[in-house]
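Spelled out from the first residue to the last, the chains are:
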Amino acid sequence: MSKPMNSYTGFAKVYETFMDNVPYDEWAEYLKGLLSEYGVEKGALVTELGCGTGEMTRRLARAGYDMIGIDLSEEMLDIARYEHEEESKDILYLCQDMRGFELYGTVAAVVSVCDSMNYITSEEELLKVFRLVNNYLDADGIFIFDMNTIYKYETQLADRVIAENREECSLIWENYYDKETRLNEYDITIYTKAEFEEEEEEELPPLFERIEETHLQKAYQTDTVIALLEEAGMEFVAVYGAGTRKLPGPDCERIYFIAREKHQEQKYYGAGQEVGHKDRD
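Visitor: So what's going on with the overall build of the protein chain? Which residues, and what values?
Guide: Each helix and strand in the protein chain was counted, giving nine helices and eleven strands. Taking contacts inside the protein chain between residues at least 6 apart in sequence as the whole, the part at least 24 apart equals 66%. Entry remark: accessible area of the protein chain is about 14,300 Å², with carbon and sulfur atoms responsible for 46%.

Right under this line is the structure:
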């Protein structure tokens, strides 16, 4: 298994600062609506893949779901666990690669937002993720995830530089997109105030630490993702433009996929689980 380029180590320190414009509350309401619509009730066990600092995990926990958050970055999970300690005390956080994650049993739903699935940069590895999800879902369990679209990478990100300056830190985002491979690379440079012991801080002028990271994502065609879901043994249910119940338009920047677990002959479903699909209209 190849090592991903995006480790969210240094970036973890300022992640929540620069993501404060993300409409997490709006996204959470949309996601809760989808979970309810597909029969995932409050109190159900739900796993979030690529949970980061737990912004969505905590919101779903507040809504009454029993949450497990999985992320590859221990630094991001440390923020989830310790900087949000009170809200996170009933959430199980696991430091795992989603391409090889393991759970103690099956769950009612798996979710993934903030384009975490775009970080899986080959169809082979995306198929691995989908197969694992299918394996760890309850009978008829639901998988909901979002992805950035080809349109977004080509027109909104493309080859450009984004810079943002805050009082305590600054960020430079240099983006490169290859239309042929549909790989999107962004090089992040962060300047953040260096931390000193209290007595040292009084004697020194402000000093800034430079942090650099490179991240890689891939844009997928919708038909490819649907085909991989079905190859993984899942039932494709729907694809929506983000925040809607409509098919994505040509200028849609983020889309949501919904798939359902299908019965597997060799899978143990546990006591009380109905094997096979429930009757649906």
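The structure having been displayed, the exposition proceeds.
Visitor: Now, about helix α3 (residues 55–62): what can you tell me, with residues and values included?
Guide: Judged by how many residues are buried, α3 sits mostly within the fold: six of eight residues are covered. Residues Glu 55, Met 56, Thr 57, Arg 58, Arg 59 and Leu 60 constitute the buried set of α3. Following α3 by one or two positions, Gly 64 has its phi on the positive side, about 110 degrees.

Visitor: Before we move on, can you summarise the pattern of salt bridges with the specific residues and values?
Guide: One pass over the full model with this rule turns up 17 salt bridges. Close ionic contact of Arg 254 with Asp 115 constitutes a salt bridge, the shortest N to O distance being 3.2 Å. Placement of Arg 254 in strand β11 (residues 254–260) and of Asp 115 in the loop between β4 (107–112) and α6 (123–136) is noted, with a sequence separation of 139 residues between them. The partner of Glu 261 in a salt bridge is Lys 267, and the shortest N-O contact between them spans 3.1 Å. Given the relative accessible area of 1%, Glu 261 is considered buried. Residue classification places Lys 267 among the buried residues on the basis of a relative accessible area of 10%. Several salt bridges share partner residues, and in doing so they unite Asp 25, Glu 55, Arg 58 and Arg 59 into one network.

Visitor: So, the sheet that holds strand β7 (residues 169–178): which residues are in play, and what are the values?
Guide: Ordered in space as β6-β7-β8-β9, the four strands form an open sheet in which the pairing is antiparallel. At either margin of the open sheet sits one strand with a lone partner, and together these are β6 (160–165) and β9 (208–218). Averaged over neighbouring strand pairs, the angle between their axes works out to 15 degrees when direction is ignored. Two strands pair when backbone bridges link them, and β6 and β7 are joined in this way by six bridges, in the antiparallel orientation. Looking at the pairing, Ala 163 lines up with Ile 172 of β7. Against the sheet, helix α7 (residues 150–157) makes contact with β6, β7, β8 (183–193) and β9, and its axis sits at roughly 120 degrees relative to β7, the strand it touches most.

Visitor: Please give an account of the nonpolar core that cites residues and values.
Guide: Counting 34 residues, the largest nonpolar core has Leu 49, Met 117, Phe 130, Val 133, Phe 143 and Phe 145 as its most contacted members. For this core, the elements supplying multiple residues, two or more each, are β2 (66–71), β4, α6, β5 (137–148), α9 (222–231) and β11. Per-element accounting of this core gives the leading share, seven residues, to α6. The residues touching Leu 49, leaving out its near neighbours within four places in the chain, are Ile 70, Met 98, Phe 101, Val 110, Val 111, Ser 112, Ser 116, Met 117, Val 129 and Val 133. Counting 33 residues, the second-largest nonpolar core is a separate cluster that includes Ala 28, Ala 80, Ala 109 and Cys 114.

Visitor: Explain the packing of aromatic side chains residue by residue, including any values.
Guide: A full pass over the atoms with the stated rule returns nine aromatic pairs. In this structure an aromatic cluster arises from ring pairing among Phe 130, Phe 143, Phe 145 and Phe 257. Sitting over the ring of Tyr 220, Lys 218 keeps its end group 5.8 Å from the ring centre.

Visitor: Explain the sheet that holds strand β1 (residues 45–49) to me, and be specific about the residues and the numbers.
Guide: Strand order in the open sheet made by the seven strands is β3-β2-β1-β4-β5-β11-β10, with mixed pairing throughout. In the strand order of this sheet, the two ends are held by β3 (92–95) and β10 (235–241), each with one partner. Taking the axes of each pair of neighbouring strands and ignoring which way they run, one obtains an average angle of 15 degrees across the sheet. Against the sheet, α9 touches β5, β10 and β11, its axis set at about 20 degrees to β11.

Visitor: Go over unusual backbone geometry with me, naming the residues and quoting the values.
Guide: One non-glycine residue, Cys 114, adopts positive backbone phi at about 60 degrees. Relative to the helices and strands, Cys 114 is located in the loop between β4 and α6. Exposure remark for Cys 114: the relative accessible area of 16% places this residue in the buried category. Here the phi dihedral of Asp 140 falls at roughly 65 degrees; this positive angle occurs in a residue that is not glycine. According to the relative accessible area criterion, Asp 140 is buried, its value standing at 7%.

Visitor: Go over the environment of Tyr 119 with me, naming the residues and quoting the values.
Guide: Mapping Tyr 119 onto the fold places it in the loop between β4 and α6. For the pair Tyr 119 and Gly 50, spaced 69 residues apart in sequence, the C-alpha to C-alpha distance is 9.5 Å.

Definitions and limits used
- Residues numbered from 1 in each chain as written.
- Predicted model: local features only at pLDDT ≥ 70, side-chain atom pairs only at ≥ 80, totals over all residues.
- Heavy atoms only, no water.
- Helix = DSSP H or I, 4+ residues; strand = E, 2+ residues; numbered from the N terminus.
- Contact = heavy atoms within 4.5 Å.
- Areas by Shrake-Rupley, 256 points an atom, 1.4 Å probe, with all protein chains shown as cover.
- Buried < 20%, exposed > 50% of the residue type's maximum accessible area, 1.4 Å probe, protein only.
- Salt bridge = Lys/Arg side-chain N within 4 Å of Asp/Glu carboxyl O.
- Pairing = 2+ DSSP bridges.
- Axes fitted to C-alpha atoms, helices over the stretch in contact; angles between N-to-C directions.
- Core = buried A, V, L, I, M, F, W, Y, C linked by side-chain atoms within 4.5 Å.
- Phe/Tyr/Trp six-rings, centres within 6.5 Å; stacked < 30°, edge-to-face > 60°.
- Lys NZ or Arg CZ within 6 Å of the ring centre and 35° of its normal.

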